[in-house]
Amino acid sequence: MTVAHVTFEAGFSGGEVQVFLLMEGLRKRGHRNVLLCPGGSAAEAQARRRGLETRAVPRRVRAVRRVLRELRPDLVHLHTGRANWLGGLAAWWLGIPAISTRRMDRRVKPGLRTRILYRTLLSRVAAIAPAVERRLVEGGVPPEKIRLIPSAVDPDALHPQRAIAKQGAVVLSAAALVRRKGIDVLLEAFARVGEAELWIAGDGPQRGALETRAKELGVAERVRFLGARDDVPDLLAACDVFVLPSRLEGLGVAALEAMAAAKPVVATRVGGLGEVVRDGECGLLVPPEDPAALAAALERLLGDPELRARLGAAGPARVAEGHLPEQLTDAYERLYREVLP
């Protein structure tokens, strides 16, 4: 089949990682995939590097409709909120079935827009976690139109390529530096943690403010802001504990990657993140916005090598429970065939 994947984000984060995992999985099974995305975006550059077919499309319904009319796909898969409307309207106009993936644990506002989108424009919507599925139902999306398809990570892509030197214990966080990721809460917590280093991989609009806060808290010498990195497997291999202190999270691909790399995870009990990380089995869960609880969990793991080893060792098996690339591809292939005429 031919599938047109639509995303209109300029940046590249966990959602885009999922898009490319799926596209490559479908390509291996003989399906044609075409990515519709903004020209000059990180997604366009990534698609071209991977040899995936792509079309640069302005953020306008007419432009999307024109490209879809040219491609004549069997199905349109929408991957972001903006793509839902632009791609959904274009696909509906042309009579092409469309589905969407919902990745955020945000409230879905009941009302006319939600009814039009989920009852008229979309044939189905995939939720990446039960928490996301609940949000959709609470917003008035018909339950029969929702399918649960969790995010995935590729363990084979997480093998380290080089050793990173370190001194002492290392706590790693990999996240965009935006408020919902809770890195400010992590800094507050880390000020209460004994001798260890904190590595923060990622970039974003809050970086300057976070660096200033680290200085104010007196931990700047123990905190390394690494910026955007393409060597996360090496960082995971070097760290002792991985932490994701999100205020809001659909699932948390970074936590999945840490578990696949057999690292213990400290995470907040929010959205799908609080469901995928099983407390006491492969990590420790704490309430969001609670620096004291976060600090206590970090200190507990840093001070207990046996606990770190036990929780880390359970990670790969947890990832194998529905979060592998072939499982992701299987689920979407079934969904595509369910909505095709």
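Residues numbered from 1 in each chain as written. Predicted model: local features only at pLDDT ≥ 70, side-chain atom pairs only at ≥ 80, totals over all residues. Heavy atoms only, no water.

S.K.: Could you give an account of the sheet that holds strand β2 (residues 32–37), with specific residues and numbers?
M.R.: Here seven strands make up an open sheet; going across it, the order is β3-β2-β1-β4-β5-β6-β7 and the pairing parallel. Each edge of the open sheet carries a strand with a single partner, namely β3 (53–56) and β7 (146–148). Sheet twist, expressed as the mean angle between neighbouring strand axes with direction ignored, is 25 degrees. Across three bridges, the pairing between strand β6 (residues 124–127) and β7 is parallel. Of the residues in β7, the one forming a bridge with Ala-126 is Arg-147. (Pairing = 2+ DSSP bridges. Helix = DSSP H or I, 4+ residues; strand = E, 2+ residues; numbered from the N terminus. Axes fitted to C-alpha atoms, helices over the stretch in contact; angles between N-to-C directions.)

S.K.: Before we move on, can you summarise a nonpolar patch on the surface with the specific residues and values?
M.R.: A surface patch of nonpolar side chains, about 360 Å² in accessible area, is lined by Leu-89, Trp-92 and Trp-93. Assignment of secondary structure puts Trp-92 in helix α4 (residues 81–94). Exposure remark for Trp-92: the relative accessible area of 49% places this residue in the partly exposed category. (Patch = residues over 30% accessible without salt bridge, like charges linked within 9 Å, V, L, I, M, F, W, Y side chains within 5 Å. Areas by Shrake-Rupley, 256 points an atom, 1.4 Å probe, with all protein chains shown as cover. Salt bridge = Lys/Arg side-chain N within 4 Å of Asp/Glu carboxyl O. Buried < 20%, exposed > 50% of the residue type's maximum accessible area, 1.4 Å probe, protein only.)

S.K.: Which residues make up the nonpolar core, and what are the values?
M.R.: Counting residues in hydrophobic clusters, the biggest one holds 97 residues, and the most contacted among them are Leu-36, Leu-68, Val-76, Phe-242, Val-277, Leu-294 and Leu-298. When residues of this core are assigned to their parent elements, the largest contribution, seven residues, is made by helix α10 (residues 253–260). Dropping the residues within four chain positions of it, Leu-294 is found in contact with Val-185, Leu-186, Ala-189, Val-243, Pro-245, Val-266 and Val-286. Grouped together as the second largest cluster of nonpolar side chains are 15 residues, Leu-22, Ala-126, Tyr-332 and Val-339 included. (Core = buried A, V, L, I, M, F, W, Y, C linked by side-chain atoms within 4.5 Å. Contact = heavy atoms within 4.5 Å.)

S.K.: Can you explain the state of the cysteines? Please cite residues and give values.
M.R.: Two cysteines form a disulfide when their sulfur atoms are joined by a covalent bond. In total, this model carries zero disulfides according to the counting rule given. Here Cys-282 is not cross-linked by a disulfide; its sulfur's nearest cysteine counterpart is in Cys-239, at 14 Å. (Disulfide = S-S within 2.5 Å.)

S.K.: Lay out the sheet that holds strand β9 (residues 197–201) in plain terms, naming residues and giving numbers.
M.R.: Spatially, β10-β9-β8-β11-β12-β13 is the arrangement adopted by the six strands of the open sheet, whose pairing is parallel. Where the open sheet ends on each side, the last strands, each with one partner, are β10 (223–227) and β13 (283–286). Averaged over neighbouring strand pairs, the angle between their axes works out to 20 degrees when direction is ignored. Sheet topology places strand β12 (residues 265–268) next to β13; four bridges connect them, and they run parallel. In the strand pairing of β13, Val-265 is matched with Gly-283. Of the strands in this sheet, β8 (170–174), β11 (241–244), β12 and β13 are in contact with helix α12 (residues 291–302), which crosses β13 at around 165 degrees.

S.K.: Just give me the short version of helix α7 (residues 183–190), but keep the residues and values in it.
M.R.: Burial within α7 is extensive, with six of its eight residues counted as buried. Every buried residue belonging to α7 is among Ile-183, Val-185, Leu-186, Leu-187, Ala-189 and Phe-190, and all of these are buried. Buried residues in α7 make contact with β8, β9, α8 (207–216), β10, β11 and α12.

S.K.: So what's going on with the pattern of salt bridges? Which residues, and what values?
M.R.: In total, this model carries 29 salt bridges according to the counting rule given. Notably, a salt bridge pairs Glu-289 with Arg-247, separated by 2.5 Å at the nearest N-O pair. Remark: Arg-247 occurs in the loop between β11 and α10 and Glu-289 occurs in the loop between β13 and α12; sequence separation between them is 42 residues. Exposure remark for Arg-247: the relative accessible area of 15% places this residue in the buried category. Here the residues in one salt-bridge network are Arg-32, Glu-53, Arg-55 and Glu-70, joined through shared partners.

S.K.: Tell me about unusual backbone geometry, residues and numbers included.
M.R.: Of note, the phi angle at Arg-72 is positive, near 50 degrees, even though the residue is not glycine. Note on placement: Arg-72 falls in the loop between α3 (61–71) and β4 (75–78). Residue classification places Arg-72 among the exposed residues on the basis of a relative accessible area of 69%. For Ala-262, which is not a glycine, the phi torsion comes out positive at approximately 65 degrees. Positionally, Ala-262 belongs in the loop between α10 and β12.

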